[in-house]
Amino acid sequence: MSRADRAESASASRPPSIDRMANWPALAALIRRVGRPLVVEALRAWAEVRRGQPDVADPDACASWCEGRLAGLANPTLRRVFNLTGTVLHTNLGRALMAEEAIEAAVTAMRSPATLEYDLEGAGRGERDDHIAPWLCRLTGAEAATAVNNNAGAVLIALSALAAGREVIVSRGELIEIGGAFRIPDIMARAGCRLVEVGTTNRTHLRDYAAAIGPDTAAIMKVHPSNYAVQGFTKSVTAAELVPLAREKGLPVIEDLGSGTLVDLEIWGLPHEPTAREAIDAGIDVVTFSGDKLLGGPQAGLVVGKKSFIERIAKNPLKRALRLDKVRLAALEATLRLYADPEKLVQRVPTIRTLARPATEIHAQAERLLPALVQALGAGWQAGIKPVRGQIGSGALPVDLLPSFALSVKAQGKGGGLDKLAEAFRRLPIPVIGRIQDETLLFDLRTLDDEAAFAAQLTSTLTLLPLEGEGQGGGA
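Being a predicted model, the structure only gives us computed values, none of them experimental.

S.K.: Sorry if this is basic, but what is going on with the overall build of the protein here?
M.R.: Within the protein one finds 20 helices and 18 strands. When each of the 476 residues of the protein is scored for burial, the buried share is 48%. Considering only contacts in the protein between residues 6 or more positions apart, those separated by 24 or more positions represent 75%. Within the structure as shown, the protein displays about 23,200 Å² of accessible surface, and the carbon and sulfur contribution to it stands at 51%.

S.K.: Explain the packing of aromatic side chains to me, please; I cannot follow it from the model alone.
M.R.: Each pair of aromatic rings is reported with the distance of its centres and the angle of its planes. The tally for this structure, following the rule as stated, stands at three aromatic pairs. Measuring from centroid to centroid gives 5.6 Å for Trp-46 and Trp-65, while their planes differ by 55°, and the two rings are tilted. In this pair, Trp-46 sits in helix H4 (residues 36-49) while Trp-65 sits in helix H5 (residues 59-71), placing the two residues 19 residues apart along the sequence. The interplanar angle of 90° and the centroid separation of 5.4 Å between the aromatic rings of Phe-82 and Phe-454 together place this pair among those described as edge-to-face. Here the residue Phe-82 occupies a position in strand E1 (residues 82-83), and Phe-454 occupies one in helix H20 (residues 451-459), the gap between them amounting to 372 residues. For the pair Phe-82 and Phe-454, one class covers both residues: buried. Above the face of the Trp-135 ring, Arg-138 is positioned so that its terminal group lies 4.7 Å from the ring centre.

S.K.: Got a minute to help me understand the confidence of the model for the protein in this structure?
M.R.: Regions with low pLDDT should not have their predicted coordinates read in detail. Mean pLDDT over the protein stands at 89; residues scoring 70 or higher make up 89%. Within the model, the stretch residues 1-10 combines pLDDT values under 50 with one contact to residues more than four positions away or in other chains. Note that pLDDT drops below 50 for residues 468-476; the model gives that stretch 32 contacts with residues more than four away or on any other chain.

S.K.: Would you explain the sheet that holds strand E5 (residues 167-171) in this entry?
M.R.: What holds strands together in a sheet is hydrogen bonding between their backbones, with the strands either parallel or antiparallel. Strand order across the open sheet formed by seven strands is E4-E12-E11-E10-E9-E5-E8, with mixed pairing between neighbours. Two strands bound the open sheet, and with one partner strand each, they are strand E4 (144-148) and strand E8 (194-198). The sheet shows a mean angle of 25° between the axes of neighbouring strands, taken without regard to direction. In terms of strand pairing, E5 meets strand E9 (residues 217-223) through three bridges, oriented parallel. Bridging from a neighbouring strand, Ile-169 pairs with Ile-220 of E9. Along the sheet face, helix H13 (residues 307-314) touches E4, strand E11 (286-290) and strand E12 (301-305) and points at about 25° away from the line of E4.

S.K.: What exactly am I supposed to notice about the side chain of Lys-222 here?
M.R.: Tracing the sequence through the fold places Lys-222 in strand E9. In terms of polar contacts, Lys-222 uses its side chain to reach the side chain of Glu-174, at 2.5 Å. Apart from residues lying up to four places away in sequence, Lys-222 is in contact with Glu-174, Tyr-209, Val-237, Thr-238, Ala-239, Leu-242, Ile-254, Glu-255 and Asp-256.

S.K.: It is not clear to me how the pattern of salt bridges should be interpreted in this structure. Could you clarify?
M.R.: When charged atoms on two side chains of opposite charge get close, those side chains can pair. As enumerated under the stated definition, the model contains 22 salt bridges in all. Here Glu-117 ties to Arg-125 by a salt bridge, and the two come within 3.0 Å at their closest N and O atoms. We note a salt bridge from Glu-197 to Arg-172, for which the minimum N-O separation is 3.1 Å. Of the two residues, Glu-197 is situated in strand E8 and Arg-172 in the loop between E5 and strand E6 (177-178); the sequence distance between them amounts to 25 residues. What makes Arg-172 partly exposed here is its relative accessible area of 38%. Where salt bridges share partners, they join Glu-117, Arg-125, Arg-128 and Arg-323 into one cluster.

How each quantity is defined
- Residues numbered from 1 in each chain as written.
- Predicted model: local features only at pLDDT ≥ 70, side-chain atom pairs only at ≥ 80, totals over all residues.
- Heavy atoms only, no water.
- Helix = DSSP H or I, 4+ residues; strand = E, 2+ residues; numbered from the N terminus.
- Buried < 20%, exposed > 50% of the residue type's maximum accessible area, 1.4 Å probe, protein only.
- Contact = heavy atoms within 4.5 Å.
- Areas by Shrake-Rupley, 256 points an atom, 1.4 Å probe, with all protein chains shown as cover.
- Phe/Tyr/Trp six-rings, centres within 6.5 Å; stacked < 30°, edge-to-face > 60°.
- Lys NZ or Arg CZ within 6 Å of the ring centre and 35° of its normal.
- pLDDT = per-residue confidence, 0-100.
- Pairing = 2+ DSSP bridges.
- Axes fitted to C-alpha atoms, helices over the stretch in contact; angles between N-to-C directions.
- Polar contact = N/O pair within 3.5 Å; in protein donor to acceptor, adjacent residues only side chain to side chain.
- Salt bridge = Lys/Arg side-chain N within 4 Å of Asp/Glu carboxyl O.

Here you go:
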């Protein structure tokens, strides 16, 4: 090869300048769609990975590559999915679904200026808590209320405001850890408190609390063990039993209900979960619980109790760091308003509706969907309907399970591939999240609220993942 030929070949495999490539007509449509900065970023990557290759200066090849690289940016990473895991309040999938009234209130708050901290009557500064505190007091019987961004924040600010630099007594059996490494001892340390453990893991008596009270004690704390249960030879002291002791010693009692609820779930045949009103009626001074679990609202940490303590909490410097924005306040107020009519909650609050859903209704839904699933699976899979037991989730009623029915998928013969099949379901336009148990892929239908969309997606999918060499899928 002559020197001229070598120079021409090297020039052909050398990328043009980024500015020159960005002006290629082949990239014009992409630039209009996503913007020049992102295309320039993709071009730099193209120049690096294709350096020395013959097509590095090919506008069409470059445009196609950049199109593929940037395609993912057009899709949000926070996506709608079908939660068919069997866990109703799934932390990783967003916990509670909000009522339409809450969604509408949140959208209105996003679209327009709102009276977040404005008093229309006095034409002056208002308080954020004024939107939700009256409802929380009405529904729990508390003297006062406030709210922060989640229940961990509620516990943190309550301890910081009422016990910083002093001791807080907690039973060893209540030193819980929940998801995300939330540990009561760690929260106490961050709040500036000193933890005093009493009793043992399985047995704590009232005399243990009494013996631990000293001149530096600031509060007694009860923590609802919402994500586990200690059974067998056990003894615990109820919050109501602690109140007389605390009153005698001039100490507040703080109770963290965890999930928390404003109504007795037994109305719908569900196991009993302690309510905020029960805690207030028992004389607890400060009660904390979540907004996005059994309540069925947005993420929030709700704090109710005696006015003198709530005022100290609301004035704590952490309040500004942990406060709710207008969108969640609007959704929370709308959700709380629904609880004024408990008889209609099962129709209006998705979380309550899902928890109270009869198993017979779920089975009927499974029968309607099974044929479409069989057709979508194709060869090598056996589909059927299986009775299952799901859970409420997010630390609510960990022992009590919900009877339900699931669409089940097993490989016929010795064919495997369940992980790949589960992945195929997650790649659908609306990803379907199930669970694998005993070599069976299960889709628990208790939480399937959009049957039409789920069925349409199966019908349009044709074959998800046939196993070659196996028999045809069929009902079981």
